[in-house]
Amino acid sequence: MDPLMYDVPDEIRTERLHLRVPRAGDGARICPGVRASMAELKQWMPWAKTDYAEADAELWCRKSFFEFHARKSIQLLMLCDDEHVGTLGAFDFDFAARSCEIGYWLRTDCVGNGYMSEAVLALGELASKTLKFHRIRIRCDPRNTRSAAVARRCYYALDGTMRHDALDCEGKPRDTHVFSRLYDPA
């Protein structure tokens, strides 16, 4: 089936979170959280630069909106009591192999509340049930223990560690943990 034919909801509600596709104007909502979390984000996220501005966030929102409707990715804002607490997304879709990847970041002052695990579980279920993906992976730098802990809490198994397969944010070779979770193909 052509990916455009999948009816994918543009929002998910969990017990505490409202997850929704970004739209025009959301850059102003995202930028303060990125800026406040910059010290942590720039360790792991290549896009997290000291000069990150509202225009950068707005461009990401508009691209994410387009990619959602083109079925190239599902990027979601994480809102708790209508406050932006982070983002997560499913991307690198392979409809033939029925697989994708999930990535995420959380505002520093929101860490430790279980928000990311709640969101990752919800997005994994959506990707499995709606897009029929059987294998979903999470990749992270082995030094990013918090990201790895989320993967483990969400029932992702460590497939292995790829040695020097990428560059870290300082341009040095780094390893990558690859976690995956298999979903029932039914």
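The preceding data block contains the structure.
Described in the following lines is the structure provided in the data block.

Rules behind the numbers
- Residues numbered from 1 in each chain as written.
- Predicted model: local features only at pLDDT ≥ 70, side-chain atom pairs only at ≥ 80, totals over all residues.
- Heavy atoms only, no water.
- Pairing = 2+ DSSP bridges.
- Helix = DSSP H or I, 4+ residues; strand = E, 2+ residues; numbered from the N terminus.
- Axes fitted to C-alpha atoms, helices over the stretch in contact; angles between N-to-C directions.
- Contact = heavy atoms within 4.5 Å.
- Buried < 20%, exposed > 50% of the residue type's maximum accessible area, 1.4 Å probe, protein only.

### Some words on the sheet that holds strand β6 (residues 135-140)
1) Next: Taking strand neighbours across the sheet as the criterion, the 8 strands line up as β1-β2-β3-β4-β5-β6-β8-β7 in an open arrangement whose pairing is mixed. Two strands in the sheet have a free side with no partner beyond their single neighbour: β1 (11-13) and β7 (157-167). Strand-to-strand twist of the sheet, defined as the mean angle between neighbouring strand axes without regard to direction, takes the value 25°.
2) Next: Sheet topology note: the β1/strand β2 (residues 18-20) ladder contains 3 bridges and is antiparallel. Bridge pairing in β2 links I12 to L19.
3) Next: Contacting β1, β2, β3 (74-80), β4 (83-94), β5 (99-106), β6 and β8 (173-182), helix α4 (residues 115-129) runs over the sheet at an angle of about 160° to β5.

### Examining the side chain of E58
1) Next: Tracing the sequence through the fold places E58 in helix α3 (residues 54-69).
2) Next: E58 gets classed as buried once you look at its relative accessible area, which sits at 14%.

### Quick notes on the pairing of β8
1) Next: Most of β8 sits inside the fold, with 7 of its 10 residues counted as buried.
2) Next: As paired strands, β6 and β8 are joined by 6 bridges and run antiparallel to one another. Bridge pairing links R139 to V178 in β8.
3) Next: With 7 bridges connecting them, β7 and β8 associate as antiparallel partners. Bridging from a neighbouring strand, L158 pairs with F179 of β8.
4) Next: The antiparallel hairpin formed by β7 and β8 contains 5 residues in its connecting segment, where G171 sits at a positive phi of about 85°.

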